[in-house]
Amino acid sequence: FRDRKLIAHIIPFENRRQILVTHDVTESERIDMMRRDFIANASHELRTPLTVINGFLEIASLQPDLDIPTRNAHLKLMSEQGERMQRLVEDMLTLTRLESMDHLLRTESINMRGLLEQILQEAHALSAGRHKITLDCQGPDIRGSTDEIRSALTNLVTNAIRYTPEHGEIQIQWCNAPQGPKFLVIDNGIGISPEHISRLTERFYRVDKSRSRETQGTGLGLAIVKHVLLRHNANLFIDSVPDQGSKFAVQFPPAIVIDA
Ligand code: ADP
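Conventions used here
Residues numbered from 1 in each chain as written. Predicted model: local features only at pLDDT ≥ 70, side-chain atom pairs only at ≥ 80, totals over all residues. Heavy atoms only, no water. UniProt positions renumbered as here; feature names shortened; annotations may be inferred. 1 Å grid on protein atoms, 1.4 Å probe; cavity = no way out; pocket = protein on both sides within 12 Å on 5 of 7 lines; lining within 4 Å. Points joined across faces, edges and corners; volume = space filled by probe spheres on them. Nonpolar A, V, L, I, M, F, W, Y, C, P; charged D, E, K, R; others polar. Disulfide = S-S within 2.5 Å. Helix = DSSP H or I, 4+ residues; strand = E, 2+ residues; numbered from the N terminus. Near = heavy atom within 4 Å. Polar contact = N/O pair within 3.5 Å; in protein donor to acceptor, adjacent residues only side chain to side chain. Areas by Shrake-Rupley, 256 points an atom, 1.4 Å probe, with all protein chains shown as cover. Sits in = over half its atoms within 2 Å of the grid points. Phe/Tyr/Trp six-rings, centres within 6.5 Å; stacked < 30°, edge-to-face > 60°. Buried < 20%, exposed > 50% of the residue type's maximum accessible area, 1.4 Å probe, protein only. Pairing = 2+ DSSP bridges. Axes fitted to C-alpha atoms, helices over the stretch in contact; angles between N-to-C directions. Contact = heavy atoms within 4.5 Å.

- Going by an unreviewed UniProt entry, the chain carries the name Phosphate regulon sensor protein PhoR and comes from Undibacterium jejuense.
- Its UniProt record, at the heading Subcellular location (unreviewed entry), says of the chain: "Cell inner membrane".
- Turning to the chain, the UniProt record has this under Function (unreviewed entry): "Member of the two-component regulatory system PhoR/PhoB involved in the phosphate regulon genes expression. PhoR may function as a membrane-associated protein kinase that phosphorylates PhoB in response to environmental signals."

### Description of empty space enclosed by the protein
Now for step 1: Under the criterion given, the structure shown has one cavity of 30 Å³ or more.
Now for step 2: Taken as a whole, the largest cavity spans an internal volume of roughly 30 Å³.
Now for step 3: A per-class count over the lining of the largest cavity returns one nonpolar, two polar and four charged.

### Overview of the state of the cysteines
Linking two cysteines covalently via their sulfur atoms produces the bond known as a disulfide.
Now for step 1: For the structure shown, the criterion picks out zero disulfides.
Now for step 2: Cys137 carries a free sulfur, and the closest cysteine sulfur to it, the one in Cys175, is 9.9 Å from it.

### Some points on the layout of surface pockets
Now for step 1: A volume near 1100 Å³ is recorded for the largest pocket.
Now for step 2: Forming the walls of the largest pocket are 42 residues, and the residues nearest its centre are Asn155, Thr158, Asn159, Arg162 and Gly217.
Now for step 3: Those elements that provide at least two residues to the lining of the largest pocket are α2 (68–100), α4 (146–162), α6 (209–214), α7 (221–231) and β9 (245–251).
Now for step 4: Counting residues per element, the lining of the largest pocket draws most heavily on α4, at nine residues.
Now for step 5: Taken together, the residues of the lining of the largest pocket break down into 15 nonpolar, 17 polar and 10 charged.
Now for step 6: By volume, the second largest pocket is sized at about 600 Å³.
Now for step 7: Taken together, 20 residues line the second largest pocket, and the ones lying closest to its centre are Met34, Arg35, Phe38, Glu99 and Arg203.
Now for step 8: Broken down by element, the lining of the second largest pocket gets its largest block of residues, seven residues, from helix α1 (residues 26–62).

### Here's the deal with the site of the ligand
Now for step 1: Neighbouring the ligand are 21 residues, the closest being Tyr163, Ser212, Thr218, Gly219 and Leu222.
Now for step 2: For the ligand, an oxygen atom lies 2.8 Å from a polar atom in the backbone of Gly219.
Now for step 3: In the model, an oxygen atom of the ligand is placed 2.8 Å from a nitrogen or oxygen of the Leu222 main chain.
Now for step 4: The fraction of the free accessible surface of the ligand (530 Å²) that becomes covered by protein chains is 98%.
Now for step 5: Put simply, the ligand lies in the largest pocket.

### A few points about the packing of aromatic side chains
Now for step 1: Counted according to the given criterion, the structure contains two aromatic pairs.
Now for step 2: Ring centres of Trp174 and Phe252 lie 5.8 Å apart, and the angle between their planes is 80 degrees; this geometry places the pair in the edge-to-face category. Within this pair, whereas Trp174 is found in strand β6 (residues 169–175), its partner Phe252 is found in the segment after β9, the two being separated by 78 residues in sequence. In terms of burial, Trp174 and Phe252 fall into one category: buried.

### Considerations on the environment of Ile149
Now for step 1: Following the sequence through the fold, Ile149 ends up in helix α4.
Now for step 2: Along the chain, Ile149 and Val228 lie 79 residues apart, while their C-alpha atoms are 6.9 Å from each other.

### Looking at the sheet that holds strand β4 (residues 132–137)
Now for step 1: Spatial ordering of the open sheet is given by β4-β6-β7-β9-β8, a layout of five strands whose pairing is mixed. Since the sheet does not close on itself, it has two edges, and those belong to β4 and β8 (235–241), each with one partner. Each neighbouring strand pair of the sheet contributes to a mean axis angle of 10 degrees, computed without reference to strand direction.
Now for step 2: Strands in contact with α4 are β4, β6, β7 (182–187), β8 and β9; relative to β7, the strand with the most contacts, it is inclined by about 15 degrees.

### So, α7
Now for step 1: With nine of 11 residues buried, α7 lies mostly within the body of the structure.
Now for step 2: The complete set of buried residues in α7 reads Gly221, Leu222, Ala223, Ile224, Val225, His227, Val228, Leu229 and Arg231.
Now for step 3: Positive backbone phi, at 55 degrees, marks Asn233, one or two positions downstream of α7.

Pasting the structure below:
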């Protein structure tokens with residue numbers, strides 16, 4: 001019991017005897033701490049854009065005669081901060097929804113080629129011609145939640161684009177293997193140092209906060225990926241070398257394949 005926190009109660013029993021009841025509260029305290037951390041991080045993340053918006057509103061009310069170009073520049077900055085708050089709140093809601101539906105997974109058959117072609121189209125739109133993006137789709141259709149799988153795979157592809165400089169290459173692959181179907185995103189971008197890799201799926205964990213903000217990251221993408229994969233009995237493997245690139249692999253179990 002050395003690493004556990006126990007709470008003991010003494011309850012009177014017959015014949016003036018007593019019973020000692022102990023509760024192990026280690027796990028509930030850990031969950032409480034995670035909740036408190038989440039709220040503290042979320043508040044901090046929301047406070048920065050709010051401060052910017054309030055600052056510009058104050059300028060607008062104190063200086064009503066500001067020239068139009070300056071006013072338009074302030075409006076643009078406020079709208080960017082508003083969008084950032086919206087992305088954050090949406091990602092927080094997605095995470096909360098995923099957690100509260102712990103055992104409820106509505107599955108349907110997923111047309112993987114259709115889904116991956118949609119994801120590829122969105123990737124081209126986000127990259128706006130700055131990267132070479134390819135798709136190699138050889139794997140089978142699977143059974144799962146289309147919305148959740150779309151959100152997880154899109155997050156991985158979006159990250160590859162965000163963390164790969166201009167002219168970089170991103171390969172998306174969907175293949176089958178004896179251990180089950182596999183989704184791969186390989187980029188030749190900035191890469192990740194080994195000491196960060198095991199923490200990437202923690203909420204709000206970012207290797208470089210300012211870079212993540214610049215690229216519109218919320219720090220919740222990989223936490224969402226982790227939850228979706230857990231719900232589909234899939235695993236995430238990350239291989240990365242700083243300044244050379246990263247490989248994110250999702251290994252699904254064989255049972256997820258829809259029999260032909
Ligand atoms: P964010 O919204 O900041 O991208 P994520 O949870 O999606 O948050 O990712 C967490 C962190 O992992 C990122 O801030 C980034 O530092 C790192 N990361 C994720 N994907 C990649 C990648 N393909 N290449 C380099 N770093 C990455």
